[in-house]
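Each chain, letter by letter, is given below.
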Amino acid sequence: MSDHVVPHFQNDAGVAMIEIGSKEFMCVGANPPFDHPHVFLDLGNDNEIICPYCSTLYRYAPDLAPGAARPPECVLKDKVA
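Here we summarise the structure given alongside this text. Predicted, not measured: the structure shown is a model, and the values here were computed from it. (Residues numbered from 1 in each chain as written. Predicted model: local features only at pLDDT ≥ 70, side-chain atom pairs only at ≥ 80, totals over all residues. Heavy atoms only, no water.)

For the coordinates displayed, the defined rule picks out three salt bridges. Residue arginine 70 pairs with glutamate 19 through a salt bridge whose shortest N-O separation is 2.6 Å. Of this pair, arginine 70 sits in strand 7 (residues 69–70) while glutamate 19 sits in strand 2 (residues 17–20); the two residues are 51 residues apart in sequence, bridging distant segments of the chain. Two residues, arginine 59 and glutamate 48, come together in a salt bridge whose shortest N-O distance is 2.4 Å. With arginine 59 in strand 6 (residues 57–60) and glutamate 48 in strand 5 (residues 48–50), this pair connects stretches of sequence that are 11 residues apart. Taking relative accessible area as the criterion, arginine 59 reaches 29% and is therefore assigned partly exposed. Residue glutamate 48 is classed as partly exposed on the basis of its relative accessible area, which comes to 38%. (Salt bridge = Lys/Arg side-chain N within 4 Å of Asp/Glu carboxyl O. Helix = DSSP H or I, 4+ residues; strand = E, 2+ residues; numbered from the N terminus. Buried < 20%, exposed > 50% of the residue type's maximum accessible area, 1.4 Å probe, protein only.)

Structure follows, in structure tokens:
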């Protein structure tokens, strides 16, 4: 098992840009069950990337903690059963 968790972000609010504190992450589109295929995105040396499915612009913000987002409601949280 890996100790590295890849953060997941969603865009139910339909904002044009989400600032994130991670360089590697998954975009799920809207919250399930209205999500698109979960796509792994890696910023590499860049500070911005556009999701190829939902066209959300993700921008790296070094002042945010890893896994955090602005707006904060764009972080996909696991639902406890």
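Having seen the structure, we can now continue with the description.
This next bit is on the packing of aromatic side chains. Taken as a whole and judged by the stated rule, the model has three aromatic pairs. A centroid spacing of 6.2 Å and a plane angle of 45 degrees characterise the contact between phenylalanine 9 and tyrosine 58, whose relative ring orientation is tilted. Separated by 49 residues along the polypeptide, phenylalanine 9 in strand 1 (residues 8–9) and tyrosine 58 in strand 6 bring together distant segments of the chain. Each member of the pair, phenylalanine 9 as well as tyrosine 58, carries the same accessibility label: buried. Centroid distance phenylalanine 25 to tyrosine 58: 4.6 Å. Interplanar angle 50 degrees. Geometry classified as tilted. Residue phenylalanine 25 is located in strand 3 (residues 24–29), and its partner tyrosine 58 is located in strand 6; the two are separated by 33 residues in the primary sequence. In terms of burial, phenylalanine 25 and tyrosine 58 fall into one category: buried. (Phe/Tyr/Trp six-rings, centres within 6.5 Å; stacked < 30°, edge-to-face > 60°.)

What follows deals with the pairing of strand 6. Here strand 2 pairs with strand 6 via four bridges, running parallel. If you follow methionine 17 over to strand 6, its bridge partner there is leucine 57. In the sheet, strand 5 pairs with strand 6 via three bridges, with the strands oriented antiparallel. From the neighbouring strand, glutamate 48 faces strand 6, where its bridge partner is arginine 59. Linking strand 5 back to strand 6 in an antiparallel pair, the connection comprises six residues, with serine 55 at a positive phi of about 65 degrees. (Pairing = 2+ DSSP bridges.)

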